[in-house]
Amino acid sequence: MEDIDRVVAQWGEQKPHLDTEPMAILGRFLRLQKHIEAEISTCHKQFDLTMGEFDVLATLRRNGKPYTLTPSKLLSSMMLTSGAMTNRLDKLESKDLIARVHSTEDRRSVSVALTNKGLATIDKAIEEHVKVQHQLVANLSDIEQPELNQLFKTWLAGFEGNQ
């Protein structure tokens, strides 16, 4: 018997009136999250990136050429505080993966751009990242994967109100 089943069974004995199905679902979900984060973090470490730094580079890259966004656009796409974003940008700039570019029209306006090194890094990192993602869901069938994705989409919409 796995740990979560044991916990649910114990509560079933101690408090038989409790519906512990959500406890089992959330327990498994949280344990999965830990495994997933560990594997993805290991992948990113190969490129000397934290998960947050990877997210910034990936956001810039997936927006296409010229791989530049304002800090506020980065913030809105990543749901971070401005302090957390500034910290990430400082670290990425110190690694020469991004550059802050001042507007020629308004010197107060700054954009964040991938450097050549940043572009090369994220292009390699995203390939490995997706390989790891495939490995993480490999024990789910080709039918189960889209079913689970739809269930998560429905679940998440209940919190975020989007479809």
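To start, this report covers the structure provided alongside it. (Residues numbered from 1 in each chain as written. Predicted model: local features only at pLDDT ≥ 70, side-chain atom pairs only at ≥ 80, totals over all residues. Heavy atoms only, no water.)

Focus on the pattern of salt bridges
Here comes step 1: Tallied over the entire structure, the rule returns ten salt bridges.
Here comes step 2: The residue Arg28 makes a salt bridge to Asp5 at a minimum N-O spacing of 2.6 Å. Within this pair, whereas Arg28 is found in helix α2 (residues 21–45), its partner Asp5 is found in helix α1 (residues 3–14), the two being separated by 23 residues in sequence.
Here comes step 3: One salt bridge in this structure joins Asp90 and Arg100, with 2.8 Å as the shortest N-O distance. Taken together, the positions of Asp90 in helix α5 (residues 82–94) and Arg100 in strand β2 (residues 98–102) put the pair ten residues apart, joining distant regions of the chain.
Here comes step 4: A residue is classified by how much of its surface remains accessible, and Asp90, at 38% relative accessible area, is partly exposed.
Here comes step 5: On the basis of relative accessibility, which here comes to 28%, the residue Arg100 falls in the partly exposed class.
Here comes step 6: Linked through salt bridges whose partners overlap, the residues forming this network are Glu2, Asp5 and Arg28. (Salt bridge = Lys/Arg side-chain N within 4 Å of Asp/Glu carboxyl O. Helix = DSSP H or I, 4+ residues; strand = E, 2+ residues; numbered from the N terminus. Buried < 20%, exposed > 50% of the residue type's maximum accessible area, 1.4 Å probe, protein only.)

Digging into the nonpolar core
Here comes step 1: The biggest cluster of nonpolar side chains holds 20 residues, and the ones touching the most others in it are Leu49, Val56, Leu57, Leu60, Leu74 and Ile98.
Here comes step 2: Counting only elements with at least two residues in this core, the list comes to α3 (51–62), α4 (71–78), α5, β3 (110–114) and α6 (116–136).
Here comes step 3: The leading source of residues in this core is α3, at five residues.
Here comes step 4: Apart from the residues within four sequence positions on either side, Leu74 is in contact with Val56, Thr59, Leu60, Leu69, Met85, Leu89 and Val112. (Core = buried A, V, L, I, M, F, W, Y, C linked by side-chain atoms within 4.5 Å. Contact = heavy atoms within 4.5 Å.)

Some words on the side chain of Thr115
Here comes step 1: Topologically, Thr115 is positioned in the loop between β3 and α6.
Here comes step 2: What makes Thr115 buried here is its relative accessible area of 14%.
Here comes step 3: Within the structure, the side chain of Thr115 is placed 2.9 Å from the backbone nitrogen of Gly118, a separation counted as a polar contact.
Here comes step 4: Among residues more than four places away in sequence, those in contact with Thr115 are Asp96, Leu97, Ile98 and Ala99. (Polar contact = N/O pair within 3.5 Å; in protein donor to acceptor, adjacent residues only side chain to side chain.)

Side note on the sheet that holds β3
By way of backbone hydrogen bonds, the strands of a sheet pair with one another, either parallel or antiparallel.
Here comes step 1: Spatially, the three strands line up as an open sheet ordered β1-β3-β2, and their pairing is antiparallel. Every interior strand has two partners, whereas the edge strands, β1 (68–69) and β2, have only one.
Here comes step 2: Examined bridge by bridge, β2 and β3 share five bridges and lie antiparallel to one another. Within β3, the position partnered with Arg100 by the bridge is Val112.
Here comes step 3: Docked against the sheet, α4 engages β1 and β3, running at close to 65° with respect to β3. (Pairing = 2+ DSSP bridges. Axes fitted to C-alpha atoms, helices over the stretch in contact; angles between N-to-C directions.)

Concerning the packing of aromatic side chains
Here comes step 1: What the rule picks out here adds up to three aromatic pairs.
Here comes step 2: Centroid distance Phe152 to Trp155: 6.1 Å. Interplanar angle 20°. Geometry classified as stacked. Separated by three residues within a single helix, Phe152 and Trp155 lie in helix α7 (residues 144–160), roughly one turn from each other.
Here comes step 3: With relative accessibility at 34%, the residue Phe152 sits in the partly exposed group.
Here comes step 4: Three or more aromatic residues joined by ring pairs form one cluster here, namely Phe29, Phe152 and Trp155. (Phe/Tyr/Trp six-rings, centres within 6.5 Å; stacked < 30°, edge-to-face > 60°.)

Concerning the environment of Asp48
Here comes step 1: Mapped onto the secondary structure, Asp48 falls in the loop between α2 and α3.
Here comes step 2: Here Asp48 falls in the exposed class, since its relative accessible area comes to 51%.
Here comes step 3: Taking C-alpha positions, Asp48 is 34 Å from Glu147, a pair spaced 99 residues apart along the chain.
Here comes step 4: Those residues within four positions of Asp48 in sequence are excluded, and the remaining contacts are Glu53 and Lys95.

Everything listed here is a matter of geometry and, on its own, says nothing about what the molecule does.
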